[in-house]
Amino acid sequence: MRLHVVPDRAAAGAVAAREIAREVRTHPDLVLGVATGSTPVTTWAALAACGLDLTRVRAFALDEYLDIPDGHPESYSAVVEREIVRPLGLDPARVRTPGDDGKDAGAPERYERDIAAAGGVHLQILGIGRNGHIAFNEPGSSLASPCRVTRLAAQTRRDNARFFASLDDVPTHCITQGIGTILRARRLVLLAFGAQKADAVAAALEGPVTSTVPGSALQLHPDVTVILDGEAAAGLAHSETVLAGGPIPFPAPRVASPSP
Ligand code: GLP
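Residues numbered from 1 in each chain as written. Predicted model: local features only at pLDDT ≥ 70, side-chain atom pairs only at ≥ 80, totals over all residues. Heavy atoms only, no water.

Caption draft 1: A look at the overall build of the protein chain. Within the protein chain one finds 8 helices and 10 strands. Compactness check: the protein chain gives a C-alpha radius of gyration of 19 Å against a globular reference of 18 Å for 260 residues, within 12% of the reference. For the C-alpha atoms alone, the extent of the protein chain along its principal axes is close to 80 × 40 × 30 Å. In the protein chain, which comprises 260 residues, the proportion classed as buried is 50%. Contacts in the protein chain between residues at least 24 apart in sequence constitute 79% of all its contacts with a sequence separation of at least 6. (Helix = DSSP H or I, 4+ residues; strand = E, 2+ residues; numbered from the N terminus. Rg over C-alpha atoms; globule rule 2.2 N^0.38 Å. Buried < 20%, exposed > 50% of the residue type's maximum accessible area, 1.4 Å probe, protein only. Contact = heavy atoms within 4.5 Å.)

Take a look at the structure:
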C-alpha cells in the first residue's frame, strides 16, 4: 500500500490524475473504474486538464441507485455523464453504469460479466463512506460479494440527502459492484478528505479486516494507492512505517566498525 498525504483536495486530484494518465499513456484503451461522490471531483478536473485523448478508454461505474426515476439528475448515470464523460471527452458508448441495460433481476450478474468480458478493471478510483463503505457495500457486506442489489445504510442515506430535496427522496436500494468485484481490479486508488473521514480511513487501513468495515478489504489487495489530506490521515497510527509512501529505500550496508 502506498500512502500520499497531501495538503488539499486539489493536490490529491493531481496525484490521482497522474496515476491515471500514466496508465492511459501505456494503455490507451484502459478499463477505468470510476467513482461518483464529491471525493473524485478534483481527480476528474486534473485529468481533464492533462488534455489526453481518452476516447478509447472504457469505464465502469461502481454503483447506481435502483429506486430513482430514469434521467434523475442525481442518478449515477446522470452524474457520470455530467461530471466524468463530458469533461473528460470519454466515448459514451464505452461507459457503463450498473443497470444501464435494464434494472431487472439479471442486471447485477450481467454487469459483473461485462466487466470480465472487457478484461477486468485495470485501475479503480474509490472513495470511502463515513461508515467505511466502498461503492455501496455497506457494513456487513461479504468481502467476497459480487455485483448485486442491496439496501443503503441509514447513515449513507442521511449523508447523501444533501443531493436530494429531502431524506424521503433518497433512494433506499442500489446496484453495486461487490467487494469481491472491486478486489479483482488490478490497481486501486482510494481518496479521502476531511476530518469526517478520519475514523473510516484509520479503521479501513489499520484496523482488522472485517465486513463491518468494508474498506478494510483493501488490505487484501496487492496494489493500492491511498491519497489523503492531513485531516483524513489524522487517525493513522502507523503512516510512517507500515504505510510509508512508495517503496521504502533499501538501507545502505553498514560498514563494520573496527573492533577496539
Ligand atoms: C457514496 C458512493 C461511494 C462514495 C462514497 C463517499 O455514497 N456510493 O462510491 O465513495 O459514498 O462519498 P463522497 O465522496 O461524496 O464523500
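Next, the rest of the story.
Caption draft 2: Quick peek at the sheet that holds strand β7 (residues 148-151). Read across the sheet, 3 strands follow the order β4-β8-β7 without closing on themselves; strand pairing throughout is antiparallel. Looking at the sheet topology across the chains shown, the edges are occupied by β4 (63-65) and β7. Taking each pair of neighbouring strands and ignoring which way they run, the sheet shows an average axis angle of 30°. In terms of strand pairing, β7 meets strand β8 (residues 173-176) through 4 bridges, oriented antiparallel. For T150, the partnering residue across the bridge sits in β8 and is C174. (Pairing = 2+ DSSP bridges. Axes fitted to C-alpha atoms, helices over the stretch in contact; angles between N-to-C directions.)

Caption draft 3: Structural context of helix α4 (residues 107-117). All of the buried residues along α4 are A107, P108, Y111, E112 and I115. Viewed along the axis of α4, the buried residues span an arc of 140°, placing them on a single side of the element. In α4, the exposed positions angled more than 90 degrees off the buried face are occupied by E109, R113, A116 and A117. Here the buried face of α4 lies against β3 (58-61), β5 (95-96), β7, β8 and α6 (179-183). Taken from the residues just after α4, G119 is the one with a positive phi, measuring 95°. (Arc of directions from axis to C-beta.)

Caption draft 4: Representation of the nonpolar core. Within the largest apolar cluster, 65 residues are counted, with the highest numbers of intra-cluster contacts made by W44, L90 and L228. A per-element tally of this core places helix α1 (residues 9-26) first, with 7 residues. Contacts of L228, omitting those with residues within four sequence positions, involve L3, H4, V5, V6, A192, V201, A233 and L236. Formed by 10 residues, the second largest nonpolar core is a distinct cluster that contains Y76, L152, F164 and C174. (Core = buried A, V, L, I, M, F, W, Y, C linked by side-chain atoms within 4.5 Å.)

Caption draft 5: Focus on the packing of helix α2 (residues 41-50) against helix α3 (residues 76-88). At their nearest, the axes of α2 and α3 sit 9 Å apart, and the two run at 10° to each other. The angle between α2 and α3 falls in the class roughly parallel. Two packed elements cross with a definite hand, and for α2 against α3 that hand is left-handed. Across from V41, W44, L47 and A48 in α2, the residues of α3 making contact are E83, I84, P87 and L88. Partitioning the contact of α2 with α3 into residue classes produces 7 nonpolar, no polar and 1 charged. (Parallel < 35°, antiparallel > 145°, perpendicular 65-115°, else oblique. Left-handed = near helix turned anticlockwise from the far one by under 90°. Nonpolar A, V, L, I, M, F, W, Y, C, P; charged D, E, K, R; others polar.)

Caption draft 6: Inspection of the side chain of E74 at higher detail. The topology assignment puts E74 in the loop between β4 and α3. Overall, E74 belongs to the buried group, its relative accessible area being 17%. When residues no more than four places from it in sequence are discounted, the contact partners of E74 are Y65, I68, V79, R82, F163 and F164.

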